[in-house]
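Next come the chains, spelled out residue by residue.
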Amino acid sequence: MRVLVTGGAGYIGSHTVLQLQAAGHEVVIADDFSNSKPSIVKRLVALSDEPVTVYTVDLTDELATERVFAEEQIDAVIHFAGFKAVGESVAEPLAYYRNNLDTAFSVLNAMNQHGVRTFVFSSSATVYGENAVRERTEDMPTSATNPYGWTKVMIEQVLRDLAAADDSWRIAILRYFNPVGAHASGEIGEDPSGKPNNLMPFVAQVAVGRREKLSVFGDDYDTPDGTGVRDYIHVEDLAAGHLAALEKVTASDDALSVWNLGSGHASSVLEVVASFARASGRDVPYEVLPRRAGDLPAYWADPSKANAELGWRATRTIDDMCEDTWRWQSKNPNGFPDVDE
Ligand code: WQD
């Protein structure tokens, strides 16, 4: 199939592009490069030895978005494009609602106009909000504790209403837990601009010497070692989950399906730090600070629905995730180059 990957120059998008091409699909990337560097495209082509069509486009622009569908014979869309920093969304809610909702509306309207009905949506475990049951299942109610999370909750609702109105849609909502890791080549990986919000890239930057020490946000949670517990999933397992979901909905009679993409394993902050120190052979100094506003103590996926219905399972361990992250970070201490090599 010819698959449009919005946000395909981003962290999860780029890893998914490679797996789509390896599976024989043709890929069109649409990205505004607001949170990724153009130099990644050259690396993708070098890794896949496949051509990739790239549109540099603001997907909140309906006309520009429709033009992509007019020019390309798109069979399916995997929609990654969107702002995704929780803290930033609290500071700039209007920018988050405008960007994340308008990009979704632009893409869905263009699909509707061009008779494209297969849509895989990048959602997040953050839609489970605060729930006393730490193991998340797809039937749990959704809510959010920040504008970023609300944009995911709202777009999921739009998709449910769309599927109810027109059952010719084939929609997969994929709820990611904590994506980490990098392609085994070490040529692509997570490259957050500025100070990383997330744990793994921050730990990697400490290990490589870009940051002095990690701030551990609280060690007084009701968890085995007091630090926050999450379900980390290797980005390559996550990408494979997208291909499995795309294949499933393409052959399905259901207008909409929801799947957790997580490992089902829970790891604490200190367990990640210890694993990274082993993987890198470097110390990862840290300082315990007060809890970060909005953080939950612990949650992880029950991935059994995706395992059963998609024939997909996360296979990589936290040590694999740290080893692959370290290979990427040590080969690219400053992330992707600003200009093509
Ligand atoms: C993980 C754990 C922190 C940084 C967020 C979004 C989620 C998804 C992934 C977009 C927590 C602790 C972190 C640090 C720390 N993003 N931590 N020091 O908050 O689980 O999820 O990112 O889709 O939607 O909510 O990820 O990596 O920020 O935090 O101690 O410098 O690491 O307290 O326990 P989080 P995270």
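Here, every reference points to the structure presented above.
An account of the accompanying structure is given in this report. (Residues numbered from 1 in each chain as written. Predicted model: local features only at pLDDT ≥ 70, side-chain atom pairs only at ≥ 80, totals over all residues. Heavy atoms only, no water.)

1. Focus on the site of the ligand
Taken together, the neighbourhood of the ligand is formed by 20 residues, with Tyr148, Leu199, Ser215, Arg230 and Asp295 sitting nearest. The side chain of Ser124 places a nitrogen or oxygen atom 3.0 Å from an oxygen atom of the ligand. A distance of 2.8 Å separates an oxygen atom of the ligand from a polar backbone atom of Leu199. When the ligand is considered free in solution it has 680 Å² of accessible area, and contact with the protein chains removes 92% of it. No other element matches strand β9 (residues 214-217), which puts four residues into the shell around the ligand. (Near = heavy atom within 4 Å. Polar contact = N/O pair within 3.5 Å; in protein donor to acceptor, adjacent residues only side chain to side chain. Areas by Shrake-Rupley, 256 points an atom, 1.4 Å probe, with all protein chains shown as cover. Helix = DSSP H or I, 4+ residues; strand = E, 2+ residues; numbered from the N terminus.)

2. Section: the side chain of Asn146
With respect to the helices, strands and loops of the structure, Asn146 is situated in the loop between β6 (135-136) and α6 (147-165). Using a relative accessible area of 6% as the deciding quantity, one classes Asn146 as buried. Of note is the side chain of Asn146, whose polar atom sits 2.6 Å from the backbone nitrogen of Gly149. Once you skip the residues sitting within four places of it in the chain, Asn146 turns out to touch Val86, Ser89, Val90 and Thr126. (Buried < 20%, exposed > 50% of the residue type's maximum accessible area, 1.4 Å probe, protein only. Contact = heavy atoms within 4.5 Å.)

3. Focus on the pattern of salt bridges
Within the structure shown, the criterion is met by 18 salt bridges. Two residues, Glu72 and Arg2, come together in a salt bridge whose shortest N-O distance is 2.5 Å. Of this pair, Glu72 sits in the loop between α3 (62-71) and β4 (76-79) while Arg2 sits in strand β1 (residues 2-6); the two residues are 70 residues apart in sequence, bridging distant segments of the chain. According to the relative accessible area criterion, Arg2 is buried, its value standing at 17%. A salt bridge links Asp222 to Arg134; the nearest nitrogen and oxygen atoms lie 3.8 Å apart. With Asp222 in the loop between β9 and β10 (229-230) and Arg134 in the loop between β5 (118-124) and β6, the pair connects residues that are 88 residues apart, well separated along the chain. Residue classification places Asp222 among the exposed residues on the basis of a relative accessible area of 62%. When salt bridges that share partners are traced, they join Arg2, Glu26 and Glu72 into one network. (Salt bridge = Lys/Arg side-chain N within 4 Å of Asp/Glu carboxyl O.)

4. Observations concerning the sheet that holds strand β2 (residues 26-31)
Across the sheet, seven strands lie side by side as β3-β2-β1-β4-β5-β7-β12; this open sheet has parallel pairing. Here the strands that pair on one side only, and so sit at the sheet edges, are β3 (53-56) and β12 (256-261). The average undirected angle you get between the axes of adjacent strands in this sheet is 20°. As defined by bridge partners, β1 adjoins β4 across four bridges and the pair is classed as parallel. The residue bridging Leu4 from the neighbouring strand is Val77, located in β4. (Pairing = 2+ DSSP bridges. Axes fitted to C-alpha atoms, helices over the stretch in contact; angles between N-to-C directions.)

5. Quick notes on the pairing of β1
In terms of burial, β1 is a largely internal element, five of the five residues being buried. In β1, alternate side chains face the same way, and those of Arg2, Leu4 and Thr6 on one face and Val3 and Val5 on the other are all buried. Examined bridge by bridge, β1 and β2 share five bridges and lie parallel to one another. For Leu4, the partnering residue across the bridge sits in β2 and is Val28.

6. Remarks on the packing of helix α9 (residues 269-280) against helix α11 (residues 318-331)
Contact geometry for α9 and α11: axes closest at 8 Å, N-to-C directions at 55°. Judged on the interaxial angle alone, α11 and α9 are oblique. The two elements α9 and α11 cross, and the hand of that crossing is right-handed. Contact residues: Val272, Ser275, Phe276, Arg278, Ala279 and Ser280 in α9; Ile318, Asp319, Cys322, Glu323, Thr325 and Trp326 in α11. Partitioning the contact of α9 with α11 into residue classes produces six nonpolar, three polar and three charged. (Parallel < 35°, antiparallel > 145°, perpendicular 65-115°, else oblique. Left-handed = near helix turned anticlockwise from the far one by under 90°. Nonpolar A, V, L, I, M, F, W, Y, C, P; charged D, E, K, R; others polar.)

7. Structural notes on helix α2 (residues 39-48)
Of the residues making up α2, those classed as buried are Ser39, Ile40, Val41, Arg43, Leu44 and Ser48. If you follow the buried residues of α2, they end up packed against α1 (11-22), β2, β3 and α11.

8. Quick notes on the environment of Gly186
Relative to the helices and strands, Gly186 resides in the loop between β8 (178-180) and α7 (199-207). Assessed through its relative accessible area of 0%, Gly186 is described here as buried. Taking C-alpha positions, Gly186 is 9.9 Å from Glu323, a pair spaced 137 residues apart along the chain. When residues no more than four places from it in sequence are discounted, the contact partners of Gly186 are Arg327, Trp328, Lys331 and Asn332.

The values reported here are purely geometric and, on their own, carry no functional implication.
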